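Descriptive analysis of the structure
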Amino acid sequence: MKKLKLDIIGLSYSQTQSGAYALVLGEVTGRRRLPIIIGGFEAQAIAIEIEKMTPSRPLTHDLFKAFAEAYKISIKEIIIYNLVDGIFYSKLICTDGKKDLEIDARTSDAIALAVRFECPIYTYEFILASAGIVIEGNDFVFLDNIEPVEESKTAVQNFSSLSPEELQSKLQEALNEEAYEKAAKIRDELNKRKTS
């Protein structure tokens, strides 16, 4: 399968899951975005490295990098290789210069390591097709079969009480704020109404 290269586009606090963050990856050669919900610790680990901040003591991902480098091991690339029930699966492609080895990793940890090792992040077409958001012009168009993010009943009830016009307005607000997770929920509510 052909790999598609991704860049980190943004990281923001999740509006629907307390203590969680939305990490947005973007297709390098296209207009699709891949939002991934990650934990606070991993979001901090990614943000600290992107901002080139130096914590007073090494974080777990910094320790992993120091350990790997001490034994002359590097990470060549990260691959987000599967998506099952809304959970992304990733692997590290590591090398000691003689032999390559694949190591399974949580996607958030894999990306925290990718920014430290300055290695590329890849995924496959079927993942972008099923969980991606496409940007056309200045508007976002959601792919029909995006996997829904876990949501609280309150969030669904709030959207279900709005009119289609109000939903369109909320959708535009969410897109303007780059709140992709919220926009996906509104899009799902609009699609549900179209099929009813």
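Below you will find a few notes about this structure. This structure is a prediction, so every number in the text was calculated from the model and none was measured.

Turning next to the packing of aromatic side chains. Counted under the stated rule, the structure contains four aromatic pairs. For the ring pair Tyr-13 and Tyr-21, a centre distance of 5.3 Å and an interplane angle of 85° mean the geometry is edge-to-face. Overall, Tyr-13 belongs to the partly exposed group, its relative accessible area being 47%. Centre to centre, the rings of Tyr-81 and Tyr-89 are 6.4 Å apart; their planes meet at 55°, and the pair counts as tilted. Looking at Tyr-81, the relative accessible area reads 26%, which means it is partly exposed. On the basis of relative accessibility, which here comes to 32%, the residue Tyr-89 falls in the partly exposed class. In this structure, Lys-65 packs its charged tip against the face of Phe-117, placed 5.9 Å from the ring centre.

This part takes up helix α1 (residues 40–50). Inspection of α1 places Glu-42, Ala-43, Ala-45, Ile-46, Ile-48 and Glu-49 among the buried residues, and these make up the whole buried set. On its buried side, α1 packs onto β1 (3–13), β2 (20–27), β3 (32–39), α2 (60–70), β6 (100–106) and α3 (107–117). A positive phi of about 55° marks Lys-52, the residue just after α1.

With that out of the way, let us pick up the pattern of salt bridges. Summed over all chains, the structure comprises ten salt bridges. Residue Arg-32 pairs with Glu-27 through a salt bridge whose shortest N-O separation is 2.9 Å. Both residues of the pair, Arg-32 and Glu-27, belong to the buried class. Linking Asp-100 and Lys-76 is a salt bridge whose minimum nitrogen-to-oxygen distance equals 2.6 Å. Taken together, the residues span a long stretch of sequence, with Asp-100 in strand β6 and Lys-76 in strand β4 (residues 74–84) at a distance of 24 residues. Of the residues examined, Asp-100 reaches a relative accessible area of 43% and is grouped as partly exposed. Using a relative accessible area of 38% as the deciding quantity, one classes Lys-76 as partly exposed. One salt-bridge network, in which partners are shared between bridges, spans Glu-27, Arg-32 and Glu-125.

Cut-offs applied
- Residues numbered from 1 in each chain as written.
- Predicted model: local features only at pLDDT ≥ 70, side-chain atom pairs only at ≥ 80, totals over all residues.
- Heavy atoms only, no water.
- Phe/Tyr/Trp six-rings, centres within 6.5 Å; stacked < 30°, edge-to-face > 60°.
- Buried < 20%, exposed > 50% of the residue type's maximum accessible area, 1.4 Å probe, protein only.
- Lys NZ or Arg CZ within 6 Å of the ring centre and 35° of its normal.
- Helix = DSSP H or I, 4+ residues; strand = E, 2+ residues; numbered from the N terminus.
- Contact = heavy atoms within 4.5 Å.
- Salt bridge = Lys/Arg side-chain N within 4 Å of Asp/Glu carboxyl O.

Read these as spatial facts, not as claims about activity.
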